[in-house]
Number of protein chains: 2
Amino acid sequence: MTITIRDVARRAHVSVATVSRALSSPDLVRPDTRSRVLAAATELGYQPNRAARGLITGKTGNIGIVVPDLDNPFFTGILKAVQTRAAQADYAVFVADSDEDPVAEAKLVRAMAKQVDGLLLCSPGVTDPQIVLAADTAPLVLLNHRLAGVPSTVMDGADGLRQVVAHLVALGHSRIAYLTGPRTAWANSERRRGLAAAVADHRVDLVELGPFAPRYEGGLQAADLALAADVTAIMAYNDVMALGVLARLRDRGVSVPDDVSVTGFDDLTYASLTAPALTTVAMPLATAGRTAVNMLLDWLDTTGEPAPHITLPTQIIVRGTTAPPPGGA
Amino acid sequence: MTITIRDVARRAHVSVATVSRALSSPDLVRPDTRSRVLAAATELGYQPNRAARGLITGKTGNIGIVVPDLDNPFFTGILKAVQTRAAQADYAVFVADSDEDPVAEAKLVRAMAKQVDGLLLCSPGVTDPQIVLAADTAPLVLLNHRLAGVPSTVMDGADGLRQVVAHLVALGHSRIAYLTGPRTAWANSERRRGLAAAVADHRVDLVELGPFAPRYEGGLQAADLALAADVTAIMAYNDVMALGVLARLRDRGVSVPDDVSVTGFDDLTYASLTAPALTTVAMPLATAGRTAVNMLLDWLDTTGEPAPHITLPTQIIVRGTTAPPPGGA
DNA sequence: CTGAAAGCGCTAACAG
DNA sequence: CTGTTAGCGCTTTCAG
């Protein structure tokens with residue numbers, strides 16, 4: 001039923017070897033032979049079996065990406081760019097959603113490892129030893145996580161948060177809450193690093209709350225705690241959490257930004273749709289996805305080179321949820 | 001480097017055939033032989049090569065899903081459930097984003113077809129002839145699109161829109177706009193069908209506008225047209241579009257729901273975060289994704305049976321963007 | 001430049 | 001119950 005290289009060979013009156021060459025290394029066959037083969041192939045609607053090819057070349061033409069939550073637009077923003085770039089390079093992409101579960105993650109990585117040429121790991125929660133283990137299984141590129149020896153593409157969250165603090169201080173805030181994300185998340189440590197630096201520079205009181213789940217519900221929970229901490233500004237770990245904060249504040253009759261300022265992180269499309277619109281930090285998701293794929297593809301035919309690292313800049317986007325504190329600046 | 005079935009065989013002092021059997025049909029080997037093999041396999045960290053297995057069994061253990069836009073939470077909601085259910089059944093999933101381009105879609109389907117056991121098509125824009133063509137390439141299940149002869153899982157959009165009209169009529173609206181989505185989308189025709197029925201039942205004036213892009217920008221554009229049409233209620237094709245409508249109305253100083261009511265479709269998480277929260281129709285995304293995978297898996301080892309179709313119920317979610325029209329009910 | 005032949009890692013008859 | 005053997009569809013030496 002399914003048509004193979006032999007069918008093409010027969011139709012073009014050549015050997016299977018010639019068909020193979022005509023398709024993969026066109027310059028190894030005489031032009032007219034090649035065109036005869038190509039013609040036969042299209043007439044028959046021939047599609048090479050990638051699995052069979054992979055068996056011998058050791059290349060599958062697939063890459064995999066594991067993300068912690070496909071419901072979070074942050075990760076799908078990356079995924080979209082990854083898919084697009086991969087398709088251009090004629091790679092297919094496997095997705096796996098670990099549901100924020102490190103154990104599931106490790107399992108998924110192992111399962112995928114055999115059927116891909118390389119893996120993109122976009123999992124805040126994964127630990128360094130796990131990564132080292134995974135890197136043994138398949139070529140790996142880390143997204144938003146940095147580790148010596150493993151190539152990585154990261155977005156500069158530390159600087160993003162530094163910009164946020166500077167913005168808030170400029171508005172006159174002096175007591176600010178930071179809603180911490182998952183403690184094990186590399187991105188979270190990064191942001192706290194930026195935060196510590198910014199706080200030292202500006203002499204503001206920082207109240208660190210959490211950790212909270214980096215989701216809507218986490219924000220709901222965090223809002224009450226932040227309010228009790230008597231701050232005039234709340235910096236959430238990410239936009240989704242900030243939306244939860246906003247919703248909870250609205251329910252409690254607290255006005256944003258008049259009573260309290262709120263900031264997010266990620267600049268998700270939907271975050272700008274709140275009223276007032278959310279002040280946040282734009283993350284170059286598409287660039288990151290594209291860059292990570294490029295890096296992985298390069299990494300595949302590289303040996304002995306040191307692992308590349310790239311840091312993409314982030315940018316605060318000031319909108320309506322930040323204003324001077326109630327008492328005036 | 002990579003360890004094969006032979007290594008396991010050697011270590012367990014059996015033939016490769018026995019190893020193969022111990023792994024795939026455990027009851028065909030004596031218990032103690034089996035445990036010896038299993039032990040050897042785990043000691044060596046053996047992972048069968050799925051491609052090689054697939055070459056002979058004709059099964060890849062992969063399924064593919066094509067969606068028009070990974071940035072739209074509607075599709076990723078489905079994708080998440082698909083991924084989860086597939087993983088449970090020990091299938092890996094390929095994603096492809098067609099970017100709403102029918103040509104790209106066809107290409108993606110063809111490219112994936114060879115390396116999957118079956119395909120989920122979740123593409124509003126694909127035409128029936130294209131589907132028939134695709135169904136020839138690989139076992140197919142349609143998501144939110146119905147076509148005789150091809151299994152499908154759909155969500156009852158017609159009934160959803162009927163519920164919306166009934167809700168609006170009950171509030172006292174008599175002149176309502178519907179913002180049409182892509183003309184070729186099956187879901188759109190379905191909704192228009194429900195709409196026509198509801199309109200006939202309730203004797204309301206229906207103004208059909210569009211088609212618009214089913215995105216935020218489409219809503220921005222549609223809002224002005226709807227306002228000019230002098231309606232008291234606007235039903236958007238989906239939530240994302242409704243968010244665009246809301247934003248544009250806010251910018252123009254039109255109050256929702258006092259001046260005009262707005263409804264969405266899909267019940268995306270982020271849609272409930274507008275102020276006021278969006279009245280919309282809940283779609284059983286997770287159920288649909290899960291069901292579609294189950295259907296595909298069943299369909300794979302089925303022959304001659306008629307193609308199953310399932311329709312999942314939808315439910316209007318009344319929130320804050322709908323109210324009686326300005327003049328009173 | 002082209003063909004014949006030897007596998008890639010695995011499973012499926014077919015014998016024992 | 002287990003081993004031997006023959007491929008799945010393809011690429012890649014190695015000879016012509």
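Residues numbered from 1 in each chain as written. Chains lettered and ligands numbered in written order. Predicted model: local features only at pLDDT ≥ 70, side-chain atom pairs only at ≥ 80, totals over all residues. Heavy atoms only, no water.

- Looking up chain A in an unreviewed UniProt entry gives the name LacI family transcriptional regulator, with the organism given as Umezawaea endophytica.

Examining the protein's contact with DNA strand D
Phase 1 of the analysis: By nearness alone, 25 residues border DNA strand D, and Ile5, Tyr46 and Arg53 of chain A together with Thr18 and Thr33 of chain B come closest of all.
Phase 2 of the analysis: Take the atoms of DNA strand D that sit within 4 Å of the protein: sugar and phosphate atoms are 62% of them.
Phase 3 of the analysis: Here serine 20 of chain A contributes a side-chain N or O atom positioned 2.8 Å from a phosphate oxygen of DNA strand D.
Phase 4 of the analysis: The contact in question runs from a phosphate oxygen of DNA strand D to an N or O atom on the backbone of asparagine 49 of chain A, over 2.9 Å.
Phase 5 of the analysis: Broken down by secondary-structure element, the contributors of at least two residues to the surface near DNA strand D are helix 2 (16-24) and helix 4 (50-57) of chain A together with helix 2 (16-24) and helix 4 (50-57) of chain B. (Near = heavy atom within 4 Å. Polar contact = N/O pair within 3.5 Å; in protein donor to acceptor, adjacent residues only side chain to side chain. Helix = DSSP H or I, 4+ residues; strand = E, 2+ residues; numbered from the N terminus.)

Some words on the packing of helix 10 (residues 216-228) of chain B against helix 11 (residues 239-251) of chain B
All names here are of chain B.
Phase 1 of the analysis: As a packed pair, helix 10 and helix 11 sit with axes 6 Å apart at the nearest point and diverge in direction by 55 degrees. Taken together, the axes of helix 10 and helix 11 lie oblique to each other. Like other packed secondary-structure pairs, helix 10 and helix 11 cross with a definite hand, here right-handed. In this structure, helix 10 contributes Tyr216, Gly218, Gly219, Leu220, Ala223, Asp224 and Leu227 to the contact, and helix 11 contributes Val240, Met241, Leu243, Gly244, Val245, Ala247, Arg248 and Leu249.
Phase 2 of the analysis: When the residues that make up the contact of helix 10 with helix 11 are grouped by side-chain class, the tally is 10 nonpolar, three polar and two charged. (Axes fitted to C-alpha atoms, helices over the stretch in contact; angles between N-to-C directions. Parallel < 35°, antiparallel > 145°, perpendicular 65-115°, else oblique. Left-handed = near helix turned anticlockwise from the far one by under 90°. Contact = heavy atoms within 4.5 Å. Nonpolar A, V, L, I, M, F, W, Y, C, P; charged D, E, K, R; others polar.)

Some points on the pairing of strand 5 (residues 152-155) of chain B
Moving residue by residue along a regular strand, the side chains alternate between the two faces of the sheet.
All names here are of chain B.
Phase 1 of the analysis: The side-chain alternation of strand 5 yields two buried faces, one formed by Ser152 and Val154 and the other by Thr153 and Met155.
Phase 2 of the analysis: Two elements, strand 4 (residues 140-143) and strand 5, share two bridges in a ladder whose sense is parallel. Bridge pairing links leucine 142 to serine 152 in strand 5.
Phase 3 of the analysis: Bridge analysis of strand 5 against strand 11 (residues 309-312) gives four bridges, and the strand direction is parallel. Bridged to methionine 155 within strand 11 is leucine 312. (Buried < 20%, exposed > 50% of the residue type's maximum accessible area, 1.4 Å probe, protein only. Pairing = 2+ DSSP bridges.)

Regarding the relation of the copies chain A and chain B
Phase 1 of the analysis: Its rotation angle being 180 degrees, the transformation that places chain A on chain B also includes 0.0 Å of axial translation and leaves an RMSD of 0.1 Å. These values place the two chain copies in the arrangement generated by a two-fold rotation axis. Minimal C-alpha separation from the rotation axis in chain A is found for phenylalanine 94 of chain A, amounting to 2.2 Å.
Phase 2 of the analysis: Same-surface contact between copies: 97% of interface residues of chain A are shared with the interface of chain B. (Least-squares fit on C-alpha atoms with pLDDT ≥ 70 in both.)

Details of the protein's contact with DNA strand C
Phase 1 of the analysis: Looking at DNA strand C, there are 24 residues lining it, with Thr18 and Thr33 of chain A together with Ile5, Tyr46 and Arg53 of chain B nearest.
Phase 2 of the analysis: At the protein interface, 67% of the atoms of DNA strand C within 4 Å belong to sugar or phosphate.
Phase 3 of the analysis: Taking isoleucine 5 of chain B, its main chain carries an N or O atom lying 2.4 Å from a phosphate oxygen of DNA strand C.
Phase 4 of the analysis: Within the contact set of DNA strand C, a base nitrogen lies 3.2 Å away from a backbone nitrogen or oxygen of alanine 52 of chain B.
Phase 5 of the analysis: Looking at the surface near DNA strand C, the elements with two or more residues in it are helix 2 and helix 4 of chain A together with helix 2 and helix 4 of chain B.

Side note on the sheet that holds strand 6 (residues 175-179) of chain B
What links the strands of a sheet is backbone hydrogen bonding, and the strands pair in either a parallel or an antiparallel sense.
Residues and elements named next belong to chain B.
Phase 1 of the analysis: If you walk across this open sheet you meet the four strands as 7-6-8-9, and the pairing is parallel. Strands with a single pairing partner mark the edges of an open sheet, and in this sheet they are strand 7 (205-209) and strand 9 (261-263). Neighbour to neighbour, the strand axes of the sheet diverge by 20 degrees on average, direction disregarded.
Phase 2 of the analysis: Bridging between strand 6 and strand 8 (residues 233-235) involves three bridges; their strand directions are parallel.

Some remarks on the sheet that holds strand 8 (residues 233-235) of chain A
Residues and elements named next belong to chain A.
Phase 1 of the analysis: Strand order across the open sheet formed by four strands is 7-6-8-9, with parallel pairing between neighbours. Of all strands in the sheet, those with a lone pairing partner are strand 7 (205-209) and strand 9 (261-263), marking the two edges. With strand direction ignored, the average angle separating the axes of adjacent strands in the sheet is 20 degrees.
Phase 2 of the analysis: Sheet analysis places strand 8 next to strand 9, joined by three bridges and oriented parallel. Note on strand 9: the bridge partner recorded for alanine 233 is serine 261.
Phase 3 of the analysis: Where helix 9 (residues 186-202) meets the sheet, it contacts strand 6 (175-179), strand 7 and strand 8, and its direction lies at approximately 170 degrees from that of strand 6.

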